[in-house]
Amino acid sequence: RELAPGGAVQRIPVDDVDRVIFGAAGVTVIPEPDLLPGRRYAVRLPPRAVRYLDVEATYVVATRPAKEVAPQVAFVHPFGTLSKVEADAATVYMVFSEAVSLVPGKFVYIREDRAVRYRFDVGNTSLCAPEAAGPCAALDAARRRLTLHPAGPPP
């Protein structure tokens, strides 16, 4: 809920769906701006910030030095195997460990068995405009969350 880089404090509400993602086994917090490389940060969760947490919890995390590894996928939704009906209706998204840049001509595929079921042009996220038809991809303003819409642009 609070991130303190170099003395500055960020207060992130737990109901901010763009910055706090609750998964089955954990919580992912996306700070803005990105955390600096080679630094230590304290994350403080006040009592009752999340269910069953009745006392304050503080965690210290460290970021890796700059550019030792490429960005990684930190979280994916949905996770696991889905039925065809669930998969067709699902909005798929992935959160990266740091901001990413999209490259024209690159695609993300969702496969059914070995056949390509959906193809997303992630190099052109403007394809997710309301008037577009078919599968589309959108990258959030922080460039960390890529959302895939198999059924076309959201309403």
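Since we're looking at a predicted model, the values are computed, not measured. (Residues numbered from 1 in each chain as written. Predicted model: local features only at pLDDT ≥ 70, side-chain atom pairs only at ≥ 80, totals over all residues. Heavy atoms only, no water.)

Brief notes about the environment of G23
For step 1, the next point in the chain: Within the secondary structure layout, G23 lies in the loop between β3 (20-22) and β4 (27-29).
For step 2, the next point in the chain: Sequence-wise, G23 and F79 are 56 residues apart; in three dimensions their C-alpha atoms are separated by 9.5 Å. (Helix = DSSP H or I, 4+ residues; strand = E, 2+ residues; numbered from the N terminus.)

Observations regarding a nonpolar patch on the surface
For step 1, the next point in the chain: Taken together, the side chains of F22, V27 and V29 make up a nonpolar region of the molecular surface, amounting to roughly 240 Å² of accessible area.
For step 2, the next point in the chain: Within the element layout of this structure, V29 appears in strand β4. (Patch = residues over 30% accessible without salt bridge, like charges linked within 9 Å, V, L, I, M, F, W, Y side chains within 5 Å. Areas by Shrake-Rupley, 256 points an atom, 1.4 Å probe, with all protein chains shown as cover. Salt bridge = Lys/Arg side-chain N within 4 Å of Asp/Glu carboxyl O.)

A word on the confidence of the model for the protein chain
For step 1, the next point in the chain: Averaged over the protein chain, the pLDDT score is 78; the fraction of residues at 70 or greater is 87%.
For step 2, the next point in the chain: When pLDDT is averaged over each helix and strand of the protein chain, the minimum, 46, is found for strand β1 (residues 2-3) and the maximum, 87, for strand β8 (residues 92-96).
For step 3, the next point in the chain: Long-range and interchain partners of residues 1-5, a stretch whose pLDDT sits below 50, account for 27 contacts in this model, where long-range means more than four residues apart. (pLDDT = per-residue confidence, 0-100. Contact = heavy atoms within 4.5 Å.)

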